[in-house]
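# What the coordinates show
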Amino acid sequence: MIAMTRKEFVHFFLKNKKVIFAICVYAGLIFLALVGPYLTPYKDPLAFVGPGYQPPSKEHWLGTNTFGQDIFTQLVYGLRSSLFVGLLGGTLATVIGLLIGFVAGYRGGWFDELLMMFTNILMVIPTLALLIIIAAYLPYRGVFIESVIIGFTAWPWTARAVRAQTLSLKTREFVDLARITARSSMKIIFGEIMPNMMSYVFMVFILQFGGAILAATGLDFIGLGPTRGISLGIMMQQATLWNAIQLGMWWWAVTPGAVITLMVATLYVMNAGLDEVFNPKLREM
């Protein structure tokens, strides 16, 4: 049975300050990513727009870099890329992990052992090393390809966690009643078991979303990100390569790092807040 009604969920959701804060922050980031490109007169983030080494001013809100490129323009377009990677990569990793975890936990037997053996093999392989190898052999890398690579390599821990939850739930009475009615395995999994894990599923997606952003930033920073375009990770890489800190160009180095930190930290704040919403023992009195 579902432990919390929809009305109770909405009440505690709207009452939780951490969740509301996180939603407000991400609403602002999404708004900036969508509207930001229309606020800058420069439509190409890699275009030369004026003298380099310029600090923030009325003409260039976040200054320019060594190459005379506008930092604010790069930031809003890079923010779009990071949010897209988080959404697509996080969704893929969550969906794959859920499918494998649900099926392995519910079916059991040799099917479970086979899926878990494959999952365990991927878990012992360093994810970053695997991402580097795959990305290095691709002649062209776009944001979409990067998101798919991350999604197809980040699901193993989700599969193991969901399998453990499914093993516990499949022995409950409501699942036995569903079996008696001759419902198919997929209908039982997604109609009976999954609704009782929605809180867990939602929080897993948040973690995968943040993990995808960090993984993309790591690839971009070491030069294995998109071969064209801009991202927050690429901005950090260029600032490091061209000694932005040593040259006193703090606006070039600090800005993308601060936005990435804000994005990931806010997701973990949201996750902690949702944990309080779903778990009565953690709610603030």
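From a predicted model like this one, the values you see are computed outputs, not experimental measurements.

### A word on the overall build of the chain
Secondary structure assignment for the chain yields 12 helices and 0 strands. Written out in order from the N terminus, the α and β elements of the chain read α-α-α-α-α-α-α-α-α-α-α-α. With the principal axes as the frame, the chain shows a C-alpha extent of 75 × 50 × 30 Å. For the chain, the residues scored as buried account for 47% of the 285 residues in total. In the chain, of all internal contacts separated by at least 6 residues, the share reaching a separation of at least 24 is 72%. A total accessible area of about 15,000 Å² is found for the chain, and carbon and sulfur atoms account for 69% of it. Of the charged side chains in the chain, 20 are positive and 14 negative; the average position of the first set lies 5 Å away from that of the second.

### Notes on the packing of helix H2 (residues 17–39) against helix H3 (residues 71–107)
It is the contact of H2 with H3, at a shortest axis distance of 9 Å, that shows an interaxial angle of 130°. Classified by the angle between their axes, H2 and H3 sit oblique to one another. The two elements H2 and H3 meet at a crossing, and its hand is left-handed. Residue-level inspection shows Tyr26, Leu29, Ile30, Leu32, Ala33, Leu34, Gly36, Pro37, Tyr38 and Leu39 of H2 in contact with H3, the latter providing Phe72, Val76, Tyr77, Leu79, Arg80 and Leu83. Classifying every residue of the contact of H2 with H3 by side-chain character gives 14 nonpolar, 1 polar and 1 charged.

### What to know about the UniProt feature "transmembrane region" (unreviewed entry) in the chain
Under the UniProt annotation, the feature "transmembrane region" (unreviewed entry) is placed at residues 20–39, 83–106, 118–138, 197–219 and 250–274. Between the end C-alpha atoms of residues 83–106 the distance is 33 Å, and the span holds 100% helix and 0% strand. Helix and strand shares over residues 118–138 are 81% and 0% respectively, and the end C-alpha atoms of the span are 24 Å apart.

### Some thoughts on the environment of Val204
Topologically, Val204 is positioned in helix H10 (residues 198–221). Distance in space between the C-alpha atoms of Val204 and Val35 is 29 Å, their sequence separation being 169 residues.

### Quick notes on helix H9 (residues 185–193)
Considered for burial, the residues of H9 that qualify are Ile188, Ile189, Glu192 and Ile193. On an axial view of H9, the arc spanned by its buried residues comes to 110°, and they lie on one face. Structurally, H9 contributes buried residues whose contacts are with H3, helix H7 (156–169) and helix H8 (173–180).

### Some remarks on the side chain of Asn16
Topologically, Asn16 is positioned in the loop between helix H1 (6–15) and H2. Polar side-chain contacts of Asn16 include one of 3.0 Å to the backbone nitrogen of Lys18. Of the polar contacts made by the side chain of Asn16, one reaches the side chain of Glu276; its length is 2.9 Å. With residues up to four places along the chain from it excluded, the contact list for Asn16 reads Gly273, Glu276 and Val277.

### Some thoughts on a nonpolar patch on the surface
A contiguous nonpolar surface patch, about 830 Å² in accessible area, is contributed by Trp110, Leu114, Met117, Ile121, Met123, Val124, Ile125 and Trp157. Looking at the nonpolar patch element by element, the count peaks at 6 residues for helix H4 (residues 109–124).

### Side note on the packing of aromatic side chains
Scanning all chains against the criterion turns up 9 aromatic pairs. Relative to Phe72, the ring of Trp61 lies with its centre 5.0 Å away and its plane at 55°, an arrangement referred to as tilted. You can see Trp61 sitting in the loop between H2 and H3 and its partner Phe72 sitting in helix H3, a full 11 residues away along the chain. Residue class for Trp61 comes out partly exposed when judged on its relative accessible area of 45%. Residue Phe72 is classed as buried on the basis of its relative accessible area, which comes to 9%. Taking 6.4 Å as the distance between ring centres and 85° as the angle between the ring planes, the aromatic pair formed by Phe67 and Trp252 counts as edge-to-face. One end of the pair, Phe67, is in the loop between H2 and H3; the other, Trp252, is in helix H12 (residues 250–278), with 185 residues separating them in the sequence. A relative accessible area of 32% means that Phe67 is categorised as partly exposed.

### Describing the nonpolar core
Counting 33 residues, the largest nonpolar core has Tyr26, Leu79, Leu83, Leu232, Trp252, Met263 and Leu274 as the members making the most contacts within it. For this core, the elements supplying multiple residues, two or more each, are H2, H3, H10, helix H11 (232–241) and H12.

### Some details on the environment of Gly229
Within the secondary structure, Gly229 sits in the loop between H10 and H11. For Gly229, a relative accessible area of 40% corresponds to the partly exposed category. Linking Gly229 and Lys187, residues 42 residues apart in sequence, is a C-alpha distance of 43 Å. Beyond its immediate sequence surroundings of up to four residues, Gly229 is in contact with Leu46 and Ile234.

Cut-offs and rules
- Residue numbers restart at each chain and count upward from 1, following the sequence in its written direction.
- Only residues with pLDDT of 70 or above have their local features reported here, since the model is predicted, and side-chain atom pairs are shown and tallied only from 80 upward, although totals for entire chains, interfaces and linings are computed over all residues.
- The side-chain quantities take in all heavy atoms of the structure and omit both hydrogens and water.
- Secondary structure is summarised from DSSP: a helix means a run of H or I of at least four residues, a strand means a run of E of at least two, and numbering begins at the N terminus for each.
- Burial status follows relative accessibility: with a 1.4 Å probe on protein chains alone, a residue under 20% of its type maximum counts as buried, one over 50% as exposed, and anything between as partly exposed.
- Here, residues are in contact when the closest pair of their heavy atoms is within 4.5 Å.
- Computed with the Shrake-Rupley method and a 1.4 Å probe, the accessible areas treat only the protein chains shown as cover for residues.
- Under this rule, positive means Lys or Arg and negative means Asp or Glu; His and the chain ends count for nothing.
- To locate a charge, take NZ of a lysine, CZ of an arginine, CG of an aspartate or CD of a glutamate.
- Here an axis means a line fitted to C-alpha atoms, over the contact stretch when the element is a helix, while the angle between two N-to-C directions is reported on a 0 to 180 degree scale.
- Roughly parallel covers angles under 35 degrees, roughly antiparallel covers those over 145, roughly perpendicular covers 65 to 115, and oblique covers all other angles.
- Each helix crossing is assigned a hand: it is left-handed if the near helix lies turned anticlockwise from the far helix by less than a right angle, otherwise right-handed if that turn is clockwise.
- Only Asp, Glu, Lys and Arg are considered charged in this grouping, and only Ala, Val, Leu, Ile, Met, Phe, Trp, Tyr, Cys and Pro are considered nonpolar; every other residue, Gly among them, is considered polar.
- UniProt positions are given in the numbering used here, feature names are shortened, and annotations may be inferred rather than shown by experiment.
- Our arc is simply the arc of the directions from the helix axis toward the C-beta atoms.
- Definition of a polar contact: a pair of N or O atoms within 3.5 Å, with one able to donate and the other able to accept a hydrogen when the atoms are protein atoms, and with sequence-neighbouring residues admitted only if both atoms are side-chain atoms.
- Like charges within 9 Å and nonpolar side chains (Val, Leu, Ile, Met, Phe, Trp, Tyr) within 5 Å are joined into patches, using only residues over 30% in relative accessible area that form no salt bridge.
- Salt-bridge detection follows one rule: a side-chain nitrogen of Lys or Arg within 4 Å of a carboxyl oxygen of Asp or Glu.
- Between rings of Phe, Tyr and Trp, where Trp is taken as its six-membered ring, a pair exists when centres lie within 6.5 Å; planes separated by under 30 degrees are stacked, by over 60 edge-to-face, and by other angles tilted.
- For our purposes a nonpolar core is just a set of buried Ala, Val, Leu, Ile, Met, Phe, Trp, Tyr and Cys residues, chained together by side-chain atoms within 4.5 Å.

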